[in-house]
Amino acid sequence: MTPTQPAAPARSGAPGPSTLFEKVWRNHVVSQDDGAPAVLYVDLHLVHEVTSPQAFSGLRARGLRVRRADRTFATMDHSTPTLPRHLAMVDSQAQAQLKMLEQNCAEFGVRLYSLDSAEQGIVHVIGPELGLTRPGQTIVCGDSHTSTHGAFGALAFGIGTSEVEHVLATQCLLQSRPRTMQVRIDGALPRGVRAKDVVLAFIAKVGVGGATGHVIEYCGTTIEALGIEERMTVCNMSIEAGARAGMIAPDETTFRWLEGRPFAPKGEAWRAALAQWRGLRTDDGATYDTTVTLDATRLVPMITYGTNPGMGIPVTANVPAPESAPTAAEGAAITKALDYMQLAAGKPIAGQRVDVVFIGSCTNSRLDDLRDAAHVLRGRKVAAGVRALVVPGSKAVKRQAEAEGLDVVFREAGADWREAGCSMCIAMNGDQLRPGEYAVSTSNRNFEGRQGKGGRTMLASPLTAAAAAVAGRVVDPRTMMGGDGT
Amino acid sequence: MKPGEREPFTTLTATYVVLLVDDVDTDQIIPARFLKTTDKRGLGTSLFADWRERPDFPLDRPDAAGAQILVAGANFGCGSSREHAPWALVGWGLRAIVALSFADIFRQNALKNGLLPIAVDAALHRRLLEARAADPKARITVDVAGQTVGLVGGPAARFDIDPFAKECLVHGIDELGYLLARLPEIERHEKAHA
């Protein structure tokens, strides 16, 4: 990779041509003292059970309230069971954490989409679904995949629990202005290549630290042609390249998707919002600190072989050898990864045994993802010995999928059709790999033990995951797709 | 101490442990199964829980006792935003992490917990590794206000730290107090953008 690095533009005085990021940033700076980070206003704060308890405790200890409960929304997703809800929670500690979220939301007046709510689901799935996520907003959550919401032209990023407390108390955060990275992707996606493959290819190109300190703006004809759910998949994984956030300029695709959603503006307010949102694009002549380009027409379905999301290769490729790495450090990382994964360098990744297939997570659990998985599984069977889980991102996604009969396709194929939640992506709820098992997962992280202690994760698109479930091994999904060219 | 106050962090001189791995993610620092706690305390025993099962893990060697600094590779703390990662590192007894680079969210989370992330260049990094290999009692010394780091008895190198974060560390201030003092400006912003 050779990112071009133009000279940094002047930052003072009247704003010249601006990037999308700069416009949203500027609109939200409350104040900035010399030598201090900006006080950045937060439009929407999403909360879940795992990263919030200590923040609410901090408020209580200081005698503070939630300053803008009307901008704060909570759900339960990380440690929730995906088997029918009447079954017991995974353990008493998870139970206590959920109970605490209920108590905190009641005490501080925060709206909670709890397990029995019809809107419950993964925080990054329900925000957009409810129309809470909107172009031009600043959105934070104690969760690194908050970058998902950038698909709508919002500046959305993950924060730690101390910052959750700051936002609860003041609706603001102290933030140093990040650098900007343009990721320009052009060309029509070849058959069988999806947003997940695009973003895995991007991360493989720049590495897991390649976008550290930057906010990415994805642009180009490939991005413009993506539906909003696919754009969410791309922005979701920005953090896996180390970026603070990923953004895509809102357009008619965005507006069509948002219109009529429960919290979306209505009537005159909608028209006023549209007029404003149409200005949320990078001006001609605006510059980025770094630019990376990708030719979409050359992409093939991707899969990871190693223990970070940057270790992705075409599903048709061989597992790389440590000696092939450009630096000694990268070689050492490959050696360590292959040792953990028990994969042989130089051998095709296709054909690798698969024990578990997980289709779900904030990366790939929306309706389009489930349709892709069903496209492969329809009329086929999950291979003997393979455990396949399909976990919708929200109850709304589950209802829509069932209305289309996708649940029947999954069940008839021999896959488990579960309740909404993060499930095996983070493996806090009892859904997990056993030591030594190989999984093809549509989630976002293949770190050691991420999906269960000793488990080995290969990240891929829903098409590739579903194909692996049928074959019982890693396989090129294009061999199982219909002739419609999709 | 009252909420919002912390011990000022001005200097640190301590022995160190080396974990020479790049891209250490927060799932390794503290696996997700330990995130069901509702407390910040008590996570030190679970630090690097899965790696510590391996024989001869650096943090479990006898010569790691009393170390307050961890020297790691590049991109330390990537992945999840879980603040449980710095809580676990601090809980184990660490006060600074020296690495070639850090992931953004981890760096912010660490600073808010009095855990100092120090990015050093490859030359100093190599000297620290060599000194530790030669003598497990080798010590690193850090001056936060002066922004210097080095081996005790060796040359000091300058490190970068956000000036505001430095002020907070040196004076034991937390950021929430600063934000609360800006509520009038925040209210004005809300009125202007309503």
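Quantities reported herein were computed from a predicted structural model and do not represent experimental measurements.

(A) Broad picture of the overall build of chain B. Within chain B, the secondary structure is distributed over seven helices and seven strands. Put simply, chain B runs from its N terminus to its C terminus through helices and strands in the order β-α-β-α-β-α-β-α-β-β-β-α-α-α. Against the globule reference of 16 Å for 194 residues, chain B gives a C-alpha radius of gyration of 18 Å, in line with a compact fold. By its C-alpha atoms, chain B is 60 × 40 × 30 Å across when sized along the principal axes. Buried positions account for 43% of the 194 residues belonging to chain B. Partitioning the intrachain contacts of chain B with sequence separation of at least 6 by distance along the chain shows that 70% fall at a separation of at least 24.

(B) Just the interface of chain A and chain B, in detail. Facing 54 residues of chain A, the contacting portion of chain B comprises 44 residues. When contributions to the side of chain A that touches chain B are tallied by element, the ones reaching two or more residues are strand E1 (29-32), strand E2 (38-41), helix H2 (53-62), helix H3 (92-108), helix H5 (161-170), strand E8 (172-175) and helix H11 (328-341) of chain A. By residue number, the principal contributor to the side of chain A that touches chain B is H5 of chain A, which donates six residues. Here the residues of the side of chain A that touches chain B are counted per class, giving 22 nonpolar, 24 polar and eight charged.

(C) Looking closely at unusual backbone geometry. Although it is not a glycine, glutamine 342 of chain A sits at a positive phi angle of roughly 55 degrees. Judged by the 10 C-beta atoms lying within 10 Å of it, glutamine 342 of chain A falls in the exposed class. Despite not being glycine, phenylalanine 48 of chain B shows a phi value in the positive range, around 50 degrees. Among the secondary structure elements, phenylalanine 48 of chain B is positioned in the loop between helix H1 (26-29) and strand E2 (69-72). Classification of phenylalanine 48 of chain B by C-beta neighbours within 10 Å gives buried; the count is 22.

(D) Main features of the packing of H2 of chain A against H5 of chain A. Residue and element names in this part refer to chain A. Look at H2 against H5: their axes get within 8 Å of each other, and the N-to-C directions meet at 50 degrees. Taken together, the axis directions place H2 and H5 in an arrangement best described as oblique. Considering how the two elements wind past one another, H2 and H5 form a crossing that is right-handed. Here Gln54, Ala55, Gly58 and Leu59 of H2 lie close against H5, whose contacting residues are Thr161, Val164, Glu165, Leu168 and Ala169.

About the cut-offs
Residues numbered from 1 in each chain as written. Chains lettered and ligands numbered in written order. Predicted model: local features only at pLDDT ≥ 70, side-chain atom pairs only at ≥ 80, totals over all residues. Helix = DSSP H or I, 4+ residues; strand = E, 2+ residues; numbered from the N terminus. Rg over C-alpha atoms; globule rule 2.2 N^0.38 Å. Buried ≥ 20, exposed ≤ 12 C-beta atoms within 10 Å, placed from the backbone. Contact = placed C-beta atoms within 7 Å. Nonpolar A, V, L, I, M, F, W, Y, C, P; charged D, E, K, R; others polar. Axes fitted to C-alpha atoms, helices over the stretch in contact; angles between N-to-C directions. Parallel < 35°, antiparallel > 145°, perpendicular 65-115°, else oblique. Left-handed = near helix turned anticlockwise from the far one by under 90°.

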